[in-house]
Amino acid sequence: MLEIGTITLYREKSVIHKMENGLSDDGTDEERQAPVLSLRSNRVTIPIKTKLATIPVVVRGHNIPGTMRMAAVVVDEIRRDPQALQDPTDVDWETFWRRRISKYENDYMREAWVSVHVGGTLAFASTEDDNVKALAEIESLAAGADVTDALVQEAAANVLGALEDLVVEHDSQTAFVFTSTPQYLRAAILERRDRKTGSYAIAVYHPSPQRPVRLAAVISFASDLAETLTHKSFIDRIQDMIAANQMQDSQITPAQIQATRNRRKDLIQQIEDFEQANKVVYRPERPNLI
């Protein structure tokens, strides 16, 4: 029987500079050049506990909702077929990922990507982008553990073919934490909106011990909340730009604005459907989605 431990989503940013010999303005004998590699992604860690060992599974992605939806896919598939842990490249992750992409994302978020790593090995990547390859090198070294400056530096050296003259700035911030109790599944969420930081939590109660709520369903529910709040911020920003007569300087089209409103409406309906089907408790309160 598999057991899934605490699932955590981190916002990560790693910037790698190359040092150049010479005197800088402050008299030091080295000068930092422009970044040679800049890596931004969201990282979900999923510890899978088996009878023999704990196998680290990691999902990385471009944006938080997409990364979490792929994490939900991974949780469901591993629970359905534990053999996926032994032969993760045999799973059709590509089809699973494509099924999770909305029309809105296809139209306006074509840069979105995800990758799946099992035991440090890359099982799937939706793109062949060089930055994703560098992140795969980081995961091969981390093997599910925390990512550190030293680890990023080693991975960058392997990718770039340099070692002594690289300087790394790595930042990691926890954004979502999913935990399980016998009574409910809980998500603690740290939100950054309009340069402000806030937090809230959701608890989804099991109808009975014999009918537990699916963990993947709660992760997907949290991803819907996250995407809805992102669209709310976008629409609020549009309204501010209209009030300041700044829309003429923007590349945002009326079609995109309407598509965003439609997508938010669909997401709110999905959220309300989930709330009607399950006992959901918010702390301190339900975020304003409109």
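Residues numbered from 1 in each chain as written. Predicted model: local features only at pLDDT ≥ 70, side-chain atom pairs only at ≥ 80, totals over all residues. Heavy atoms only, no water.

Visitor: Which residues make up the overall build of the protein chain, and what values go with them?
Guide: Secondary structure assignment for the protein chain yields 7 helices and 10 strands. Against the compact-globule benchmark of 19 Å for 290 residues, the protein chain has a radius of gyration of 21 Å, which places it among compact chains. Along the three orthogonal principal directions, the C-alpha set of the protein chain runs to about 65 × 60 × 35 Å. In the protein chain, which comprises 290 residues, the proportion classed as buried is 48%. In the protein chain, 60% of the contacts between residues at least 6 apart in sequence involve partners at least 24 apart. Split by element, the accessible area of the protein chain, about 15600 Å² in all, is 47% carbon and sulfur. Of the charged side chains in the protein chain, 34 are positive and 42 negative, and the gap between their average positions amounts to 10 Å. (Helix = DSSP H or I, 4+ residues; strand = E, 2+ residues; numbered from the N terminus. Rg over C-alpha atoms; globule rule 2.2 N^0.38 Å. Buried < 20%, exposed > 50% of the residue type's maximum accessible area, 1.4 Å probe, protein only. Contact = heavy atoms within 4.5 Å. Areas by Shrake-Rupley, 256 points an atom, 1.4 Å probe, with all protein chains shown as cover. Lys, Arg positive; Asp, Glu negative; His and termini not counted. Charge placed at Lys NZ, Arg CZ, Asp CG, Glu CD.)

Visitor: Explain the nonpolar core to me, and be specific about the residues and the numbers.
Guide: Generally speaking, soluble globular proteins have nonpolar side chains that are buried together. Judged by nonpolar contacts, the single largest core of 56 residues is most densely connected at I7, I46, M68, M70 and F176. The element best represented in this core is helix α6 (residues 215–243), accounting for 10 residues. Leave out the neighbours within four places in its chain, and I7 touches V44, T45, I46, V75, F176, V177, F178, L215 and I219. Core analysis: the next-biggest nonpolar cluster, separate from the first, contains 17 residues, V132, A155, L166 and V168 among them. (Core = buried A, V, L, I, M, F, W, Y, C linked by side-chain atoms within 4.5 Å.)

Visitor: Help me get a handle on the side chain of S250, residues and values and all.
Guide: Looking at where S250 falls in the secondary structure, it is placed in the loop between α6 and α7 (254–277). Looking at S250, its side chain comes within polar contact range of the main-chain nitrogen of I252, at 2.9 Å. (Polar contact = N/O pair within 3.5 Å; in protein donor to acceptor, adjacent residues only side chain to side chain.)

Visitor: Please provide a residue-by-residue account of the packing of helix α1 (residues 64–80) against helix α2 (residues 93–100), values included.
Guide: Running from amino to carboxyl end, α1 crosses α2 at an angle of 135°, the nearest separation of the two axes being 10 Å. What the angle tells us is that α1 and α2 run oblique. Here α1 runs over α2; the crossing is right-handed. Residues G66, R69, M70, V73, V74 and E77 of α1 pack against W93, F96, W97 and R100 of α2. In terms of residue class, the contact of α1 with α2 is built from 6 nonpolar, 1 polar and 3 charged. (Axes fitted to C-alpha atoms, helices over the stretch in contact; angles between N-to-C directions. Parallel < 35°, antiparallel > 145°, perpendicular 65-115°, else oblique. Left-handed = near helix turned anticlockwise from the far one by under 90°. Nonpolar A, V, L, I, M, F, W, Y, C, P; charged D, E, K, R; others polar.)

Keep in mind that these numbers describe shape and distance, not what the molecule does.
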